[in-house]
Each structure stands twice: as structure tokens, then as C-alpha cells.
Amino acid sequence: MAERTIHMPKRFTGVSPLNFVLLVALGGVILTSMGKVAPSPQQLADGVPDMTRLVGRMLPPNTDPDFLARIARRILETFQIALVGALIGIVLSLPIAWFAARSVSPLGRGNLLAKAFVSFLRTVPDLVWALLFVASIGLGAVAGTMTIVVDTIGFCGRFFAEAMEDAEKEPQEALSAIGAGRGSILVGAILPDIMPSLVNSSLFALEKAVRSSVVLGLVGAGGIGQELKVAFDLFQYRNASMIILTIFVIVFLMEVCTDKLRARIQ
Amino acid sequence: MLDHATNTQTADTTEQPQAAPLIMACGLTKSYDRRNMVLDGIDLRIWAGERVALIGSNGCGKSTLLKSLIGLHPISGGTLECFGNPVGAQSSRAQRLQMRRQTGFVFQKHCLVRRRTVLSNVIHGLYGDRGSWRAFSHSLAPEEWRARGLQALDEVDLADKAMRRADALSGGQQQRVAIARALVRRPQLLIADEPAASLDPVSGRNVMNLFSQLCRAHGITLLYTSHDMDHAIDYADRVIALKCGKVLFDRPAEKVTPADLKVTFDG
Ligand SMILES: Nc1ncnc2c1ncn2[C@@H]1O[C@H](COP(=O)(O)OP(=O)(O)O)[C@@H](O)[C@H]1O
Ligand SMILES: [Mg+2]
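Residues numbered from 1 in each chain as written. Chains lettered and ligands numbered in written order. Predicted model: local features only at pLDDT ≥ 70, side-chain atom pairs only at ≥ 80, totals over all residues. Heavy atoms only, no water.

- Per an unreviewed UniProt entry, chain B goes by the name Phosphate-import ATP-binding protein PhnC and belongs to Thalassovita gelatinovora.

- Naming follows an unreviewed UniProt entry, where chain A appears as Phosphate-import permease protein PhnE of Thalassovita gelatinovora.
- Listed under Sequence similarities (unreviewed entry) in UniProt, the entry text for chain A is "Belongs to the binding-protein-dependent transport system permease family."
- The Subcellular location (unreviewed entry) comment attached to chain A in UniProt states, word for word, "Cell membrane". (UniProt positions renumbered as here; feature names shortened; annotations may be inferred.)

1. Some remarks on the overall build of chain A
Here's step 1: Each helix and strand in chain A was counted, giving 10 helices and 0 strands.
Here's step 2: The helix and strand sequence of chain A, counted from the amino end, reads α-α-α-α-α-α-α-α-α-α.
Here's step 3: Since a compact globule built from 266 residues should have a radius of gyration of about 18 Å, the 26 Å found for chain A marks it as more spread out than a globular shape.
Here's step 4: Over its C-alpha atoms, taken along the principal directions, chain A stretches across nearly 85 × 55 × 40 Å.
Here's step 5: When the 266 residues of chain A are sorted by exposure, 40% land in the buried category. (Helix = DSSP H or I, 4+ residues; strand = E, 2+ residues; numbered from the N terminus. Rg over C-alpha atoms; globule rule 2.2 N^0.38 Å. Buried < 20%, exposed > 50% of the residue type's maximum accessible area, 1.4 Å probe, protein only.)

2. Regarding the pattern of salt bridges
Here's step 1: Applying the stated criterion across every chain, the model contains 28 salt bridges over all chains.
Here's step 2: In this structure, Arg238(B) engages Asp250(B) in a salt bridge whose closest nitrogen and oxygen atoms are separated by 2.8 Å. Remark: Asp250(B) occurs in strand E10 (residues 246–252) and Arg238(B) occurs in strand E9 (residues 238–243); sequence separation between them is 12 residues. Each member of the pair, Arg238(B) together with Asp250(B), is buried.
Here's step 3: Ionic contacts of the salt-bridge type, sharing partners, join the residues Glu207(A), Arg211(A), Glu255(A), Asp259(A) and Arg262(A) into one network. (Salt bridge = Lys/Arg side-chain N within 4 Å of Asp/Glu carboxyl O.)

3. Notes on the environment of Val149(A)
Residues and elements named next belong to chain A.
Here's step 1: Relative to the helices and strands, Val149 is located in helix H6 (residues 141–166).
Here's step 2: Separated by 60 residues in the primary sequence, Val149 and Ala209 have C-alpha atoms spaced 8.8 Å apart.
Here's step 3: Setting aside its immediate chain neighbours within four residues, Val149 contacts Gly85, Ile88, Gly89 and Leu92. (Contact = heavy atoms within 4.5 Å.)

4. Observations concerning a nonpolar patch on the surface
Here's step 1: A cluster of nonpolar side chains, Phe12(A), Val15(A), Phe20(A), Val21(A), Leu23(A), Val24(A), Leu26(A), Ile30(A), Leu31(A) and Met34(A), forms an exposed patch at the surface whose accessible area comes to about 1,100 Å².
Here's step 2: Along the chain, Phe20(A) falls in helix H1 (residues 17–37). (Patch = residues over 30% accessible without salt bridge, like charges linked within 9 Å, V, L, I, M, F, W, Y side chains within 5 Å. Areas by Shrake-Rupley, 256 points an atom, 1.4 Å probe, with all protein chains shown as cover.)

5. Looking at the packing of helix H7 (residues 169–178) of chain A against helix H8 (residues 182–216) of chain A
Residue and element names in this part refer to chain A.
Here's step 1: Following both chains from N to C, one finds H7 and H8 inclined at 145°, their axes separated by 9 Å at the closest point. The two elements H7 and H8 meet at a crossing, and its hand is right-handed. Contacts between H7 and H8 pair Pro171, Gln172, Leu175 and Ser176 from the former with Ile185, Gly188, Ala189 and Ile190 from the latter.
Here's step 2: For the contact of H7 with H8, a count of residues per class yields 5 nonpolar, 3 polar and no charged. (Axes fitted to C-alpha atoms, helices over the stretch in contact; angles between N-to-C directions. Left-handed = near helix turned anticlockwise from the far one by under 90°. Nonpolar A, V, L, I, M, F, W, Y, C, P; charged D, E, K, R; others polar.)

6. Quick notes on the UniProt feature "transmembrane region" (unreviewed entry) in chain A
All names here are of chain A.
Here's step 1: With numbering matched to this structure, UniProt assigns "transmembrane region" (unreviewed entry) to residues 12–31, 79–101, 127–150 and 240–258.
Here's step 2: Taken end to end, residues 12–31 is 75% helix and 0% strand, and its two terminal C-alpha atoms sit 28 Å from one another.
Here's step 3: The distance separating the terminal C-alpha atoms of residues 127–150 is 11 Å; by composition the span is 88% helix and 0% strand.

7. Remarks on the interface of chain B and chain A
Here's step 1: Contact with chain B, which involves 26 residues of that partner, is made by 20 residues of chain A.
Here's step 2: Of the roughly 1,800 Å² buried at the junction of chain B and chain A (both faces included), carbon and sulfur atoms supply 58%.
Here's step 3: Close ionic contact of Glu168(A) with Arg114(B) constitutes a salt bridge, the shortest N to O distance being 3.0 Å.
Here's step 4: At the boundary of chain B with chain A, the tally comes to 6 residue pairs in polar contact (both at pLDDT 80 or more). (Buried area = accessible area lost by both parts, 1.4 Å probe. Polar contact = N/O pair within 3.5 Å; in protein donor to acceptor, adjacent residues only side chain to side chain.)

Structure below.
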């Protein structure tokens, strides 16, 4: 029997010269950046009066019935964009995630292509997608819905694929041993196993869709954002404050609802 | 030296039925990484109606052999025939599926879909049959499949638990559901990989009893692995011992001696 040796794990021995240099460099980068883009005390002091003047012109929020009716129609449109977009996106995400998931994908190693596609959809920001769709489809709600669809696939495609990769392997192998094909394994073993996480991701996607559909109007893709842009462009600050308040209320309500739903599913 | 003596001796004493064997492996090799041979030249014949126990210490390649037999892992070398069809790295997907559809497989544990009902899990055993996209849930499956599923459950004495979620059952009950799932299609061959290893002794004996009784009743060939010597001897007609990826001995269960077992499981 060979001599047994026991190794004691190393304890902290101080910062190595290389790490020290890296830390100093990092500190330098942060400090110079702050000098460039962070507000200086002077700017802050100058900004405060302007800010208070703006808030003053925003109050009280406009409660004119005609205006409120118009806002309500826009809110409804925003919800429709978010709901339809998220729903289509979630449904499309399922097959895309299946293609993208490692060791589950019917494409084999080709799953990386599907993964790259999903990453691409995700890395381009939603406002940029909205600009593209407004330019190609035209102004209005349809461009907004398309944006939400793409945004949702970028988000759900990734999380669905990760859930599929983490699904329990033993039941899948058991069904495979029975002679089940890949599709049957997906429906029979993978989807039931990851159902809670699918629902969870979908609720997050819905929340995210509501939040982004609110701003899509800024670039002309429909919804309440359009009214906000008009209000700022025409210096109608009392309208703007009403719109901001409504946006806050709907996003907040949305989050409360999805939290409730999530709690029931756990 | 010992292996050779026993091997030649058993080859003479085992009387061989006329029909072609259900499974025939010659010089079967398998390696996961092209360097270490997990299976190193396995010769093996299994005839219809036999109950065969495959024994060996942990990590000697029992599971690997079982999975290779039904094409869950591609084999690295040698020849393998299952139900008269050659199985190999080159066998087509359709061939492999065809073969799996004549085989039931029971794993050690965790092999049920947890969030589905017991009955749905049993009906999963019909996956691969025509129209089986509906098999994922009992409530969508054809009436005839539901009836077969319930009957299979009745055979393992769990018909009253049909609508429970699979993960609400005890380990022994789950294993019985797995048996029902494997038998619902009335396969020619039933393969079980350490079906009793994760169970307490009493449940383990129940499960093994159920296996041997159901296989005999339906004329199903049974091939199972175990690292429990009593299970191997009590429920099998024949015992095949693996050691270091080779067949150590292959003889009728009643002729296996304690000395044989000692050689099999000792370092
Ligand atoms: N999927 C796999 N990839 C790589 N090596 C594996 C894999 N499965 C098993 N092995 C190796 O093959 C050997 C035999 O394993 P296994 O067939 O599970 O043994 P047993 O079932 O007899 O305990 C072990 O050394 C194990 O590490
Ligand atoms: Mg094993």
C-alpha cells in the first residue's frame, strides 16, 4: 500500500501582484467614468429648480372625462398588445426551446443554431425591434404586437430550453427504452416535469410584455406610450402626469395578479 | 484460469432448446470513452421463456450490458442479435424502436413521470404504438388502452391507486407501477435493472415475487440484474456473473455455490 498523503486546502494568503494590478486598473476605470457621465454636484444643484418647476406644471393630473376615455381606450390597446404578443410568443417558444435544448433537441448538436437564434432575438433591445417593425409594417398596434412576440421568444425560448435541459433524465430514459420517439418523450415526460417552471416563466413574460408594451408607443408602435409621447411633445404636462400614474397602476396591478397566480401554482 | 474452467464446463451442461435464442451476443464490447472497455467480449444467449439473473459487483457493467442489448447505448464491437434482428452501431432508428417495442424495461428508481397519475404512467407503456401521441394522459387515450392500463395495474394490485399522482406512492408501489408499465404491452422480453435495489428487504422480495410470477404467467422472458445474491438465486432459472467486463460464469441457478458468489463479488 502506498504512503497516503493528506493535502490541507490553502488558506487566504493575500492578494497576488497580478490581482492587485487588476484591482487598481478597475478602480481607475470606474473613477474616470464617473467623472465623465455621473452628474456633478453643480449640475444636480442647477437641475433641482427645473425639476420642481416641471413637477409643478404636471400637477394636478388631468381628469377631464374626454381625456380619461381616450386614455382608457389606449390602455385597453396596450393590454391587448401585451396579451396577444405574449401568448403568441409563449406558444412559439415551446418548439423553439425544444430545438434549442441540449441533449433533448431533435437537431442534436444543431441545437446551438436554435440557441444562437434565441440569443439574437434577446440581445436586440425591444425598442429597436419596435423601430424595425414600425418601419416595415407601419405605425400602430400590429408593430407593437410583433415586437412583444419577438421579445417573448427571446426570453421564454431561453428559459424553456434551460428547464427542458434540467428535466429529470430517468423518466425520459425509461420512455425511450419503451420505444417512445422524441416527440412522445417531450410531451410524456419533459413537459409534465417542467410544467411549474413553464408557467412561472410565462407569467414573468406576461409581466415583461405589459411593461414593454407601455413604452412601445414612444416609437409609434401603438398603446399608451403614444399618448405619453404626444403629451410631452405638446408640453401637456398635466396629461403626461395622468398617463404616468395610470401606467404605474396597471403595471402594479399586473404584478400583484401574477404574484397571486404564482403562489397558487407552487 | 478459473473462468476458463467454469466456462467450458457450463457450455457443455446447459442443454440448448431448438429455437433460435431471443438474444445472442458474440464478443460484445462496449466502451464509453474508447479507452476503458466496460464490456470486454461478452458471449451470451438467452432463450424464450427463461428467467436469467445477471450478477456482479457495482460498476462491473451490468446496466451497460442491459442498455446495450436494446440499443439505448450503441455497442462498440462484436455482434448482437435481438429477436433475430442484428443490433449494432449501424442498426437503423426504426429497427431499434421496433426492438424496444417488444421489450419491457424496469429501472432501479425514479423512472416514473412524477406529476402524472399512476394510470397515465402505465399507459405510457404503449408509447410507440400507432396513434400514441394520445398516450401522454389517460384521459385522452383510447378506451381500449385505458382498459389495458387498468388491468395491468390490477395485476400489480394497485388498481385502487390509479388516479393518484405517481410521486404520492411509496418506493415499492412506484416500482410495481413501473412493472405494470413494462407489462401493459405484453412484451416478449422483460429487462429489469436492479429493480429491488432501492427498496427495503420486504418490498424488494414482493417486487421480485411479482416479477417471476407475472413473467411465468404470461410466458415472458425475464432478464434482470441484482447485486443481491438471494434475489439472483431464488427468482432465476439461470445466473450469469459478470466481472471486469467479462462473463465469469453462466450456469443454472441451483448449481451456483457460495464459492461462486464469493469469487464474483470479491475484489
Ligand atoms: N453514460 C456513461 N458514460 C461514461 N461511463 C459510464 C456511463 N455509464 C456507466 N459508465 C461506466 O461504466 C462502468 C459500468 O457501469 P454500470 O454499467 O452502470 O455498472 P453496474 O450497473 O454494474 O453497476 C462504470 O465504470 C461506469 O463508470
Ligand atoms: Mg447499474
